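Chain by chain, the residues:
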Amino acid sequence: MLKARTSLGVIFFPAYDWAISPTHPEREERLLYTQDQLMEEGLFDIEGITEHKSDVASREDIERTHFCFPDVDAVATRSHMVSAGGAIAAARLVLENRCQKAFALVRPPGHHAMKVVQGSRGFCAVNNEAVMVEWIRETYGRKRIAIVDTDCHHGDGTQDVYWNDPDVLFISLHQDGRTLYPGTGFPAETGGPSARGRTINIPLPPRTADEGYLWCIDHVVLPILADFKPDLIVNSAGQDNHFTDPITNMAVSARGYAELNKRLNPDIAVLEGGYAIQGALPYVNLGICLAMAGMDYSHVREPEYDERALRQDPRITEYIKALCEELPKLYFNPPEPPPDQREALVGGYWVRHKNIYYDTDDINEAQTESVRQCDHCRGVLRIETRSTRNPVSVGIEAPIGACEKCVEAAYGLLEQDQLKGGYRYIQFVDRVNRKYERFGF
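Residues numbered from 1 in each chain as written. Predicted model: local features only at pLDDT ≥ 70, side-chain atom pairs only at ≥ 80, totals over all residues. Heavy atoms only, no water.

In the annotation of an unreviewed UniProt entry, the entry for the protein reads Deacetylase, histone deacetylase/acetoin utilization protein, and the organism field reads Desulfocurvibacter africanus PCS. UniProt, in its Sequence similarities (unreviewed entry) section for the protein, records the words "Belongs to the histone deacetylase family." (UniProt positions renumbered as here; feature names shortened; annotations may be inferred.)

And the structure:
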């Protein structure tokens, strides 16, 4: 009987009752073909590889991560709660030492869901990895966590959630935002004033193949991880870099994904995108499972694989090598952002303005984000938001690890906004004292 070198727990949730439309690329078949492939290959007959059910995320799990307007029920279905719960189940397996690694094969995906959620964007309403990370830190205390997002689309939601958090390193490898949704993820985006260099974006040209991705892992990602020394590494394992994906333009193979995962060596992986339902996902997911279990994946080959056709253009190779020479500097010696992206210091708060479009739900939103300048913690967070779906509302958070003055400031802002703000909805989060409150007027 085959035995895994590394024990692996696989969480499977295809969300039978949720789809944007019956023919939309993000539908239940994304995982049903994978389930068939894993069964046919006898993955769960291997000693040390086990299948597990999802948890169901609670309302509090969502609210410690997101400001949801008007409330959680308005933006998240039962399927979203179970998908996020699948990521929590993966973390539970690892942190309770029941498995050495875990892979949450869940949908709907989540990495485009930002700190504020008013609907769905990029097929995402709840950020599964962020919900999981905040559950980990609520349950096990403060930890340094690295999230490496290998989805073809920039993980703009995860970047937004952790923009001001120095304890979470976010690295995104993605197709250049000048050529693909959401149009963000450029090197100058390096994090907020208290977390400069904790966001690293690696925008790659269309037709980047296995060679280019692995070069980035070896020359940017791994050296930064070695310095950051995370307690946990999480892979946002989007699979739409595959050469057959219908909505992207990359050239990665199933074995390339497996090799990337072997080198990255994450503790937990969570499925994100990937829309070549038959020709890619079953093989990519199989390769990732085998790599995480420390097993041979050299036999994994998708039907349309042609090594010569997937050979990376030398011009792309040279571009990526030059890019990778510069990117580590953004972590080891982060510069100030360009003036048009720089926060303004107003009354002791770092302020930035954001305009966000929810493409899935056709919502336009305007935000003003304020972070208290503090020498002792990352500062109380306040986000004022108005959208075409909801009237002006506000979210206030005393973050995990907040100092006493920032906790006091958070309650002061709450009182001020209740008395004078005229806000339709207020969400208040005190991570220090674990208080979650919501007010509607």
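Trainee: Which residues make up the pairing of strand β4 (residues 101-106), and what values do they have?
Mentor: Among the six residues that make up β4, six are buried, leaving the element largely enclosed by the rest of the structure. The two faces of β4 match: K101, F103 and L105 on one face and A102, A104 and V106 on the other face are all buried. Two elements, strand β1 (residues 3-13) and β4, share six bridges in a ladder whose sense is parallel. Bridging across to β4, F12 finds its partner in L105. (Buried < 20%, exposed > 50% of the residue type's maximum accessible area, 1.4 Å probe, protein only. Helix = DSSP H or I, 4+ residues; strand = E, 2+ residues; numbered from the N terminus. Pairing = 2+ DSSP bridges.)

Trainee: Go over the sheet that holds strand β7 (residues 168-175) with me, naming the residues and quoting the values.
Mentor: Taken together, eight strands build an open sheet; the order of strands is β2-β1-β4-β10-β9-β6-β7-β8 and the sheet is parallel. Of all the strands in the sheet, the pair left with one neighbour each is β2 (47-52) and β8 (199-204). Mean inter-strand twist for the sheet, computed between neighbouring axes without regard to direction, equals 15°. Here strand β6 (residues 145-149) runs beside β7; their pairing, made up of five bridges, is parallel. From the neighbouring strand, A146 faces β7, where its bridge partner is L169. Across the sheet, helix α1 (residues 29-40) touches β1, β2, β4 and β10 (268-271), and the angle it forms with β4 is around 135°. Where helix α10 (residues 314-332) meets the sheet, it contacts β7 and β8, and its direction lies at approximately 170° from that of β8. (Axes fitted to C-alpha atoms, helices over the stretch in contact; angles between N-to-C directions. Contact = heavy atoms within 4.5 Å.)

Trainee: Lay out the pattern of salt bridges in plain terms, naming residues and giving numbers.
Mentor: Counted according to the given criterion, the structure contains 31 salt bridges. The residue E259 makes a salt bridge to R263 at a minimum N-O spacing of 2.8 Å. A residue pair is termed a helical-turn pair when its members lie 3 or 4 positions apart in one helix, as E259 and R263 do in helix α8 (residues 254-264) at four residues. What you see here is one network of salt bridges that share partners, running through E60, D61, R64, E134, R137, E138, D165, R378, R431 and R434. (Salt bridge = Lys/Arg side-chain N within 4 Å of Asp/Glu carboxyl O.)

Trainee: An account of the side chain of T244 is requested, with residue identities and associated values reported.
Mentor: Mapped onto the fold, T244 is located in the loop between β9 (232-237) and α8. Filtering out sequence-adjacent residues up to four positions away, T244 remains in contact with A276, G279, A280 and E304.

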